[in-house]
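What follows is each chain in one-letter form.
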Amino acid sequence: MTDTIANNSETQRQRILQVTTELIESEGLQAISARKIASRMQCAVGSLYRPFENLKSILTAVNIETLKQLEHHVLQAAQPASTAKEKITRMAMAYTDYVMAHHHLWQTVMQNFDTNHQQLSSDYQQQQQRMFQCIESELTRLHPTQSSQAIKLEVRTLWAGIDGICNLGMRGKLERNGEEGIQVLTDILLQRFLGGEQ
């Protein structure tokens, strides 16, 4: 009986996350409400708050799933590469590809991170950590004499730049907006960051 209840609760939780994700993808974060999620699921609003404390906790869970998918996409993109420079480039471009394909989900992560930093930052950092460690490993191959602390700082500086480009591109604040602008500026950033090293 206990296992059945637990299974039902997990099924309900996953269904809530699926519906919320679909709504964000199609309509954006500003359109999300508990009432709309419940309406799409054809259930009472109170049913949402059995597996989740409130709407914010639902959005936090969606954000963590988004980061897991982003991490998987980025790490998979690096697999065929042979050189350190190629791996870092593939990962960066895969990151921007995912952002452009799922821009509403990415903007939800960024907005929740900005407004709910203390709660989300630990989960956000945990999901980013494996990706960062992979980039750090490749950057160490390019700069074997640099300290690990310097490598960590460089990787986070690079990704802050890429996040900034994506954010400005999605808001129409680049000279070339949308997909083309993001890709062009990310490529320029990578060239400056990585130089001609292999």
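Predicted model, so just to flag it, every value in this text is computed and none were measured.

### Focus: the packing of helix 3 (residues 55-78) against helix 4 (residues 84-101)
Line of reasoning, step 1. Between helix 3 and helix 4, whose axes approach to 8 Å, the crossing angle comes to 145°. At the point where helix 3 passes helix 4, the crossing takes the right-handed sense. Of helix 4, the residues touching helix 3 (which contributes Thr-66, Gln-69, Leu-70, His-73, Val-74, Leu-75, Ala-77 and Ala-78) are Lys-87, Arg-90, Met-91, Ala-94, Tyr-95, Asp-97 and Tyr-98.

### Regarding the pattern of salt bridges
Line of reasoning, step 1. Under the counting rule described, the total for this entry stands at eight salt bridges.
Line of reasoning, step 2. Here Glu-27 and Arg-40 are joined by a salt bridge, their closest N and O atoms 3.9 Å apart. Here the residue Glu-27 occupies a position in helix 1 (residues 2-27), and Arg-40 occupies one in helix 2 (residues 34-41), the gap between them amounting to 13 residues.
Line of reasoning, step 3. Overall, the relative accessible area of 40% leaves Arg-40 in the partly exposed class.
Line of reasoning, step 4. Between Arg-156 and Glu-136 there is a salt bridge whose closest N-O contact spans 2.7 Å. Linking Arg-156 in helix 7 (residues 148-170) with Glu-136 in helix 6 (residues 117-142), this pair joins segments that are 20 residues apart in sequence.
Line of reasoning, step 5. Under the relative-accessibility criterion, Arg-156 is labelled partly exposed at 31%.

Procedures and definitions
Residues numbered from 1 in each chain as written. Predicted model: local features only at pLDDT ≥ 70, side-chain atom pairs only at ≥ 80, totals over all residues. Heavy atoms only, no water. Axes fitted to C-alpha atoms, helices over the stretch in contact; angles between N-to-C directions. Helix = DSSP H or I, 4+ residues; strand = E, 2+ residues; numbered from the N terminus. Left-handed = near helix turned anticlockwise from the far one by under 90°. Contact = heavy atoms within 4.5 Å. Salt bridge = Lys/Arg side-chain N within 4 Å of Asp/Glu carboxyl O. Buried < 20%, exposed > 50% of the residue type's maximum accessible area, 1.4 Å probe, protein only.

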